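Each chain, written out:
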Amino acid sequence: MARTDFQSPPGTRDITEPEASRARHLVALFAEEARRAGFERVITPMFEDVGVFVRLGEASDVVTKELYAFEDKGGRTIALRPEFTASVCRAFVQHRPLTPWKTWYEGPAFRYDKPQKGRYRQFDQLGVEVIGSNDPDIDTEVIALADRFLRRVGLTGYTLIINSLGDFADRPSYLSALTGFFESRAADLSEQAKATLAINPLRVLDSKRPGDAAVAAEAPTIIEYLSDDAAAAFERVKNGLDALGVPYEVDPRLVRGLDYYTRTTFEFASDSLDAAQNALGGGGRYDGLVEALGGPAEPGVGFSMGVDRTLLAADAEGVLPPPATAVDVWVVATTPGTEGLALVEELRRAGIAADRAYDGRSMKAQMKAANRSQSALAVILGEDELSAGTVSVRAMRPDAVALPSDTQQFEVDRPQLIETVRSLLS
Ligand code: AMP
């Protein structure tokens with residue numbers, strides 16, 4: 001017998017109402033904030049040549065362990081996007097739009113992660129990228145946009161953490177100091193951290209294991225190794241955030257999960273989520289990524305937020321109620337012809353949200369359905385109304401409609417229906 005007990009694959013979820021509308025509402029809020037800040041939308045494919053993502057860094061878990069990569073029927077090695085920045089840079093290199101190219105995006109990303117609350121194998125991200133400017137004011141604006149979005153959602157219980165990773169030219173002296181330090185403390189590091197040390201010592205700073213974190217807390221910080229240029233840019237970003245009244249904390253150990261970051265890096269940590277999954281989102285500069293993807297030496301800066309995590313934080317803070325999904329009008333029709341069908345269609349064509357019951361239910365059963373639907377109005381068509389050329393209009397939620405008198409139900413001539421419904425709902 002063929003298997004029939006299918007479930008959604010581990011780490012994926014079916015998102016139903018009211019959560020589905022809530023997620024869409026969140027994205028709509030973000031789209032509006034992004035547009036107000038001069039960002040255009042970009043839609044890139046959900047999969048790319050695996051090489052696009054390999055540039056994200058040989059020491060990133062996202063690349064080494066979590067990539068959904070496979071060979072397609074044409075023999076290409078394809079990977080589902082684990083994030084958006086690399087795809088946006090690839091698109092920039094391919095199309096060479098005018099700079100600065102300011103884009104926003106949203107959609108699913110895929111990582112073969114260990115599923116748990118707030119960590120899924122398919123999850124939604126939204127974010128922005130700005131390619132083609134070194135101006136640190138852009139870093140500030142990008143951070144301010146993320147902050148404005150989180151405030152708009154209603155969140156207040158989060159902390160913005162910032163750092164500067166300097167330029168690639170600042171790295172060698174810092175990396176050798178860091179490597180020297182970690183080697184001197186190798187006895188206290190996990191096997192995993194020691195393996196990471198050989199590939200990218202920066203990532204050891206990021207280790208969440210308590211033993212590693214204790215060692216990392218004593219490590220030399222990149223801040224002491226910044227070039228004058230990078231240090232001045234970091235000052236400018238901090239002054240900008242101060243000027244805009246965006247609160248932040250500097251954490252010289254914030255390195256983030258991907259290897260491509262330079263200069264400004266930042267993360268929004270929620271106070272109401274478990275420490276292992278408390279990052280609502282983050283981002284920073286990636287001044288070498290466009291070039292690594294075969295493009296010109298154009299710098300970039302951006303962030304991405306997890307939609308699922310942001311919604312979990314909204315739950316925890318009791319903000320962002322789901323938008324109403326009920327229709328405005330419920331059609332109750334007991335005549336055997338196509339009158340009910342036509343009535344619903346007429347309402348919908350007039351731009352009024354309307355629905356009905358099916359299967360020839362009794363008046364009583366249909367009224368029950370109308371009640372359950374939370375619709376503001378019921379439009380009732382029985383034999384009496386049909387022969388009189390009228391319909392009855394009933395206020396199901398009197399608080400939600402502008403009734404002309406205190407009668408809850410009245411008859412209107414059939415041709416007057418749309419106008420009546422419109423004025424009741426206005
Ligand atoms: P990252 O690119 O790892 O910095 O991810 C950016 C944001 O995406 C994170 O702060 C999370 O909000 C979200 N995110 C990353 N990985 C996952 C995942 N496996 N499940 C749910 N959300 C995720």
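Cut-offs applied
- Residues numbered from 1 in each chain as written.
- Predicted model: local features only at pLDDT ≥ 70, side-chain atom pairs only at ≥ 80, totals over all residues.
- Heavy atoms only, no water.
- Phe/Tyr/Trp six-rings, centres within 6.5 Å; stacked < 30°, edge-to-face > 60°.
- Helix = DSSP H or I, 4+ residues; strand = E, 2+ residues; numbered from the N terminus.
- Buried < 20%, exposed > 50% of the residue type's maximum accessible area, 1.4 Å probe, protein only.
- Near = heavy atom within 4 Å.
- Polar contact = N/O pair within 3.5 Å; in protein donor to acceptor, adjacent residues only side chain to side chain.
- Areas by Shrake-Rupley, 256 points an atom, 1.4 Å probe, with all protein chains shown as cover.
- Pairing = 2+ DSSP bridges.
- Axes fitted to C-alpha atoms, helices over the stretch in contact; angles between N-to-C directions.
- Contact = heavy atoms within 4.5 Å.
- Core = buried A, V, L, I, M, F, W, Y, C linked by side-chain atoms within 4.5 Å.
- Domains from an automatic or database assignment.
- Arc of directions from axis to C-beta.
- Patch = residues over 30% accessible without salt bridge, like charges linked within 9 Å, V, L, I, M, F, W, Y side chains within 5 Å.
- Salt bridge = Lys/Arg side-chain N within 4 Å of Asp/Glu carboxyl O.
- Lys, Arg positive; Asp, Glu negative; His and termini not counted.
- Charge placed at Lys NZ, Arg CZ, Asp CG, Glu CD.

Moving on, we get to the packing of aromatic side chains. One pass over the full model with this rule turns up 10 aromatic pairs. Each ring, one from Phe30 and one from Trp104, has its centre 6.0 Å from the other, and the planes form 80 degrees; the classification is edge-to-face. Here Trp104 lies in strand β5 (residues 101–110) and Phe30 lies in helix α1 (residues 19–36), a separation of 74 residues in the sequence. In this pair, the class of Phe30 matches that of Trp104, namely buried. Between Phe30 and Phe149, the aromatic rings sit 5.1 Å apart at their centres with planes inclined by 75 degrees, giving edge-to-face as the arrangement.

Now for the site of the ligand. In the vicinity of the ligand there are 14 residues, among which Arg111, Tyr120, Arg256, Ala279 and Leu280 approach most closely. Within the backbone of Tyr120, one N or O atom sits 2.8 Å away from a nitrogen atom of the ligand. A distance of 3.2 Å separates an oxygen atom of the ligand from a polar atom in the backbone of Gly306. Alone, the ligand offers 480 Å² of accessible surface; in the complex the protein occludes 91% of this. Secondary structure elements with two or more residues in the shell around the ligand: β6 (122–131), β10 (279–285) and β11 (300–306). Looking at the shell around the ligand element by element, the count peaks at three residues for β10.

Let us now look at the environment of Ser392. With respect to the element layout, Ser392 can be found in strand β15 (residues 390–395). Here the alpha-carbon distance between Ser392 and Ile223, two residues 169 residues apart in the chain, equals 73 Å. A polar contact of 2.7 Å, which involves the side chain of Ser392, links it to the side chain of Glu385.

The subject of this paragraph is the sheet that holds strand β13 (residues 354–356). In spatial order, the strands read β13-β12-β14-β15-β16; together these five strands make up an open sheet with mixed pairing. Where the open sheet ends on each side, the last strands, each with one partner, are β13 and β16 (409–413). Taken pair by pair, the neighbouring strands of this sheet meet at an average axis angle of 30 degrees, ignoring direction. As defined by bridge partners, strand β14 (residues 377–381) adjoins β15 across four bridges and the pair is classed as antiparallel. Bridge assignment links Ile380 to a residue of β15, and that residue is Ser392. On top of the sheet, helix α13 (residues 363–372) reaches β12 (329–333), β14 and β15; it is set at about 175 degrees to β12, its chief contact.

This part takes up the environment of Pro398. Tracing the backbone shows Pro398 in the loop between β15 and β16. Residues Pro398 and Glu339, 59 residues apart in the sequence, show an inter-C-alpha distance of 26 Å. Residue contacts for Pro398: discarding those within four places in its chain leaves Leu403 and Gln408.

What follows concerns the nonpolar core. Nonpolar side chains in soluble globular proteins generally cluster together in the buried interior. Judged by nonpolar contacts, the single largest core of 87 residues is most densely connected at Phe39, Val142, Phe182, Leu205, Phe268, Leu280 and Phe303. Considering every element that reaches this core, the biggest residue donor is helix α5 (residues 136–153), with nine residues. Here this core spans two domains, and each of domain 1 (19–159 + 240–317) and domain 2 (168–226) adds at least three residues to it. Once residues lying within four places of it in the same chain are set aside, the contact partners of Val142 are Phe39, Val128, Val130, Phe266, Val301, Gly302 and Phe303. Val331, Phe410, Val412 and Ile418 belong to the second-largest nonpolar core, a separate cluster that totals 22 residues.

Next up on the list: the environment of Pro210. When you line up the elements, Pro210 lands in helix α8 (residues 210–216). Overall, Pro210 belongs to the exposed group, its relative accessible area being 70%. In sequence terms Pro210 and Met363 are 153 residues apart; their C-alpha atoms lie 65 Å from each other.

In this section: helix α15 (residues 417–425). Along α15, the residues classified as buried are Leu417, Ile418, Thr420, Val421 and Leu424. Along the long axis of α15, the arc covered by the buried residues comes to 165 degrees, so they all point the same way. Turning to α15, the residues buried within the fold contact β12, α12 (339–349), β14, β15 and β16.

Sheet architecture is open: three strands sit in the order β2-β4-β3, paired in antiparallel fashion. Both edges of this open sheet fall to β2 (47–49) and β3 (69–71), since each of them pairs with a single strand only. The average undirected angle you get between the axes of adjacent strands in this sheet is 35 degrees. As paired elements, β2 and strand β4 (residues 77–80) share three bridges and run antiparallel to each other.

On the surface, Arg361, Lys364, Lys368 and Arg372 cluster together into a positively charged patch. Turning to its location among the elements, Lys364 is positioned in helix α13.

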